[in-house]
Amino acid sequence: MTNRPTVVVLNGPNLNLLGERQPEIYGHETLADVEEMCRVRADELGMDLDFRQTNHEGVFIDAIHEVRRSAIGLVVNAGGWTHTSVAIRDALAAVVAPVVEVHISDVHAREDFRRFSYISDVAESVIVGRGVRGYVEAIDALGR
């Protein structure tokens, strides 16, 4: 058992296909690569990492509920749910710690429907278009 603070990284639908799905948009790194980058950075900052991915919206919401009081911060890449899920937005609004919204691609330069986020108004900050390094930047922001 550790007394180190925990940062939680939650990944939504299709992010398990990172490195395979549209690498011209999302890059060649896999989700395992992202997790390792995040784990290294969290450790450097003296934090533990809880890294999860699901393709099921209810599981995603349950994860938010589970960590809403214990995490020192949440990094959230809700994938397509960003643009569709009021339920995820409402769950994130109940989180005590800061939330950082992350998108690998520049969602503002893509299809019109991707430009709107239900999550942004409950997030402390939003990182878009920085590739998978955006996750590390989010952890850095939470580690300050």
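Everything below is about the structure shown above.
So, here's what we can say about the structure.

Conventions used here
- Residues numbered from 1 in each chain as written.
- Predicted model: local features only at pLDDT ≥ 70, side-chain atom pairs only at ≥ 80, totals over all residues.
- Heavy atoms only, no water.
- Helix = DSSP H or I, 4+ residues; strand = E, 2+ residues; numbered from the N terminus.
- Rg over C-alpha atoms; globule rule 2.2 N^0.38 Å.
- Buried < 20%, exposed > 50% of the residue type's maximum accessible area, 1.4 Å probe, protein only.
- Contact = heavy atoms within 4.5 Å.
- Areas by Shrake-Rupley, 256 points an atom, 1.4 Å probe, with all protein chains shown as cover.
- Lys, Arg positive; Asp, Glu negative; His and termini not counted.
- Charge placed at Lys NZ, Arg CZ, Asp CG, Glu CD.
- Salt bridge = Lys/Arg side-chain N within 4 Å of Asp/Glu carboxyl O.
- Phe/Tyr/Trp six-rings, centres within 6.5 Å; stacked < 30°, edge-to-face > 60°.
- Pairing = 2+ DSSP bridges.
- Expected span 1.5 Å × (residues − 1).
- Arc of directions from axis to C-beta.

Turning next to the overall build of the chain. Within the chain, the regular secondary structure consists of five helices and five strands. Of the regular secondary structure in the chain, the N- to C-terminal order runs β-α-α-β-α-β-α-β-β-α. Computed over its C-alpha atoms, the radius of gyration of the chain comes to 14 Å, within 12% of the 15 Å expected for a compact globule of 144 residues. In terms of overall dimensions, the chain has C-alpha extents of about 45 × 30 × 25 Å along its principal axes. Going through the 144 residues of the chain one by one, you find that 44% of them count as buried. Taking as baseline every contact in the chain between residues at least 6 positions apart, the subset at least 24 positions apart corresponds to 76%. Working note: accessible area of the chain is about 7100 Å², and carbon and sulfur atoms make up 48% of it. Each charge sign in the chain was given a centre, from 14 positive and 22 negative side chains, and these centres are 3 Å apart.

As enumerated under the stated definition, the model contains 11 salt bridges in all. Between D50 and R52 there is a salt bridge; the shortest N-O distance is 2.8 Å. Residues R52 and E66 are paired through a salt bridge, measuring 3.0 Å at the closest nitrogen-oxygen approach. Placement of R52 in strand β2 (residues 48-53) and of E66 in helix α3 (residues 57-67) is noted, with a sequence separation of 14 residues between them.

This part takes up the packing of aromatic side chains. In total, this model carries two aromatic pairs according to the counting rule given. Taken together, a centroid distance of 4.7 Å and an interplanar angle of 90 degrees make the contact between F116 and Y118 edge-to-face. Relative accessible area serves as the criterion here: at 46%, F116 is assigned to the partly exposed category.

Counting buried positions along strand β1 (residues 6-11) yields five of six residues, so the element is predominantly enclosed. Bridge count for β1 against β2 is six bridges, and the pairing is parallel. Looking at the pairing, N11 lines up with Q53 of β2. Inspection of the sheet shows β1 paired to strand β3 (residues 73-77) by five bridges, in the parallel sense. In the sheet register, V7 faces β3, and the bridge partner there is G73.

Moving on: the environment of L49. For L49, the location among the structural elements is in strand β2. Look at L49 and you get buried, because its relative accessible area is 12%. Expressed as a C-alpha distance, the spacing of L49 and R114, which sit 65 residues apart in the sequence, is 28 Å. Those residues within four positions of L49 in sequence are excluded, and the remaining contacts are T6, V7, V9, E35, C38, R39, A42 and I139.

This brings us to unusual backbone geometry. Backbone geometry places N14, a non-glycine residue, at a positive phi of 75 degrees. Here N14 is to be found in the loop between β1 and α1 (23-26).

With that settled, consider helix α2 (residues 31-44). Across its 14 residues, α2 extends 20 Å between first and last C-alpha, which sits within 8% of the 20 Å expected from 1.5 Å per residue. Along α2, the positions that sit buried rather than exposed are L31, V34, C38 and A42. Along the axis of α2, the buried residues cluster in a sector spanning 65 degrees; they form a single face. Facing away from the buried side of α2 by over 90 degrees, the exposed positions are A32 and E44. Looking at the buried residues of α2, the elements they touch are β1, β2 and α5 (133-143). Two residues or fewer past α2, G46 is found with a positive phi of approximately 80 degrees.

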